[in-house]
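Geometric and topological summary
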Amino acid sequence: MLQLLLITGLLVGSCLGVTVTTDEDLIVNEGRNAVLQCSYTLDSREQFSAFVWLFRGEQVFKFTGGVASTGGVLAGRGATRLGDSASIEVTGVSVEDQGEWQCQVITTDINIAVSTVNLQVRTFPEIADVYKTPNSDLNLGDRLSLTCLAKGDPLPSIHWLHNNEKTEFKSANVTIDKVSIDHMGEWWCLAENSVGKKQSPKLTVKINHPPRSMNVAPFKESYPGAREARLQCEFSAYPLIGKFTWEKLTEEGSWEGLGESKQSNVLVPYVSRRVTELLLSPVFEEDLGTYRCTARNSVGQGDATIKLIPGDPVTEPKRDLLTTPKESGASRQIGTASLVFVIAFFAT
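Residues numbered from 1 in each chain as written. Predicted model: local features only at pLDDT ≥ 70, side-chain atom pairs only at ≥ 80, totals over all residues. Heavy atoms only, no water.

Below, the discussion takes up the side chain of Asn193. With respect to the element layout, Asn193 can be found in the loop between β19 (185-192) and β20 (197-199). Owing to a relative accessible area of 13%, Asn193 belongs among the buried residues under this scheme. In this structure the side chain of Asn193 is engaged in a polar contact, spanning 2.9 Å, whose partner is the backbone oxygen of Pro154. (Helix = DSSP H or I, 4+ residues; strand = E, 2+ residues; numbered from the N terminus. Buried < 20%, exposed > 50% of the residue type's maximum accessible area, 1.4 Å probe, protein only. Polar contact = N/O pair within 3.5 Å; in protein donor to acceptor, adjacent residues only side chain to side chain.)

Throughout the structure, instances matching the rule amount to eight salt bridges. Here Asp153 ties to Arg122 by a salt bridge, and the two come within 3.2 Å at their closest N and O atoms. Of this pair, Asp153 sits in strand β15 (residues 144-153) while Arg122 sits in strand β13 (residues 112-133); the two residues are 31 residues apart in sequence, bridging distant segments of the chain. Residues Arg143 and Asp177 are paired through a salt bridge, measuring 3.3 Å at the closest nitrogen-oxygen approach. Note that Arg143 is positioned in the loop between β14 (138-139) and β15 and Asp177 in the loop between β18 (173-176) and β19, a separation of 34 residues in sequence. Take Arg143: its relative accessible area is 53%, and that puts it in the exposed class. A residue is classified by how much of its surface remains accessible, and Asp177, at 48% relative accessible area, is partly exposed. A network of salt bridges, in which partner residues are shared, links Glu228, Arg230 and Glu277. (Salt bridge = Lys/Arg side-chain N within 4 Å of Asp/Glu carboxyl O.)

When pLDDT is averaged along the chain, the result is 82, and 80% of the positions lie at 70 or above. pLDDT under 50 marks residues 1-14. Its contacts with residues more than four places away, or in other chains, come to 45 contacts. (pLDDT = per-residue confidence, 0-100. Contact = heavy atoms within 4.5 Å.)

For the bond running from Tyr238 to Pro239, omega is 0 degrees, close enough to zero to count as cis. Counting through the fold element by element, Pro239 comes out in the loop between β24 (229-238) and β25 (243-249). Here the amide bond leading from Ser281 into Pro282 is cis, since omega sits at -5 degrees, within 30 degrees of zero. Here the phi dihedral of Ile110 falls at roughly 60 degrees; this positive angle occurs in a residue that is not glycine. Here Ile110 is to be found in the loop between β12 (99-107) and β13. Although it is not a glycine, Asn163 sits at a positive phi angle of roughly 50 degrees. The residue Asn163 is located in the loop between β16 (157-162) and β17 (165-166) in this model.

Read from one edge of the open sheet, three strands run β5-β11-β10, paired in antiparallel fashion. The open sheet has two free edges, formed respectively by β5 (34-36) and β10 (79-81), since each of these has just one partner strand. Taking each pair of neighbouring strands and ignoring which way they run, the sheet shows an average axis angle of 20 degrees. (Pairing = 2+ DSSP bridges. Axes fitted to C-alpha atoms, helices over the stretch in contact; angles between N-to-C directions.)

A word on the packing of aromatic side chains. Counting across every chain of the model gives seven aromatic pairs. Aromatic side chains Phe51 and Phe63 sit 5.6 Å apart centroid to centroid with 20 degrees between the ring planes, which places their arrangement in the stacked category. On the criterion of sequence distance, the pair formed by Phe51 in strand β7 (residues 48-55) and Phe63 in strand β8 (residues 58-64) is long-range, its members being twelve residues apart. Comparing Phe51 with Phe63 shows no difference in burial state: the two are buried. Clustering of aromatic rings is evident, with ring pairs tying together Tyr40, Phe48, Phe51, Phe61 and Phe63. In this structure, Lys202 is placed above the aromatic ring of Trp188, and the distance from its NZ or CZ to the ring centre is 4.7 Å. (Phe/Tyr/Trp six-rings, centres within 6.5 Å; stacked < 30°, edge-to-face > 60°. Lys NZ or Arg CZ within 6 Å of the ring centre and 35° of its normal.)

Pasting the structure below:
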């Protein structure tokens, strides 16, 4: 007569002359090996003949006559007997291996003792979907919603990242009531549980705004006779900046235009960070003073000022002191086409 008895996490099955013991529950992470414990004892009247393992009622492992064979979910997979017991080790379990496994020990008198193990497989996080609302360009002050749908066992936690930096957002649904320029860029979610972690595809957030000055040094040192001086302005903008202009403050307090520069063929997916550079070569005394750079796009414009101030000369090959273009005989004049504009492109 077959009997089953639960003893503090162990399941014991017995019949006439045979007792089989297994773990009641086994929890294994996906991809790891699972050791299905099954031990047995025989009384003096019985002799061991074979043991088999069944998964969901189907025979998947059998050991008899010193030979092991597999079938069902274990066919072609690594499954080995452990020592002289009826325990087996199953390699690389997946969620398909989750469920009830049954160990049967058979004697030469065809007495069969049975015990079961409930295998639970913990799974890696998966990102079912990630999206933003609205799925279009935003204006400053608009509302933005981010959603990350993840699954896994245990249920993964969610953490949002922005431009490679972790944020304070730790929920599947995030709402930013009023977006600013600081919210532009790449967003993605990270789902994590005790088994592992999974990163979602990136969401690109674009926010229309006029050019904003960035990283502009207010002063630049040079001296008359220097080979060159480079004045540089950097801007962030979306849509892309269409035009840069440079001006110089005159002694009368008005701005004198030095020309403009247009950009084209710019391939940047979201934030437009642009650098415009004014090259003065060589430097005359009248080049010292205050300059203004202005950037424009379809939303508006922004500007920044740089002051070119006298500095200590550095050791260079001997040159004539340049004071004004006329005195030196140089052909270059402020405001003519001989001023060189250089545009550099950066993606952030």
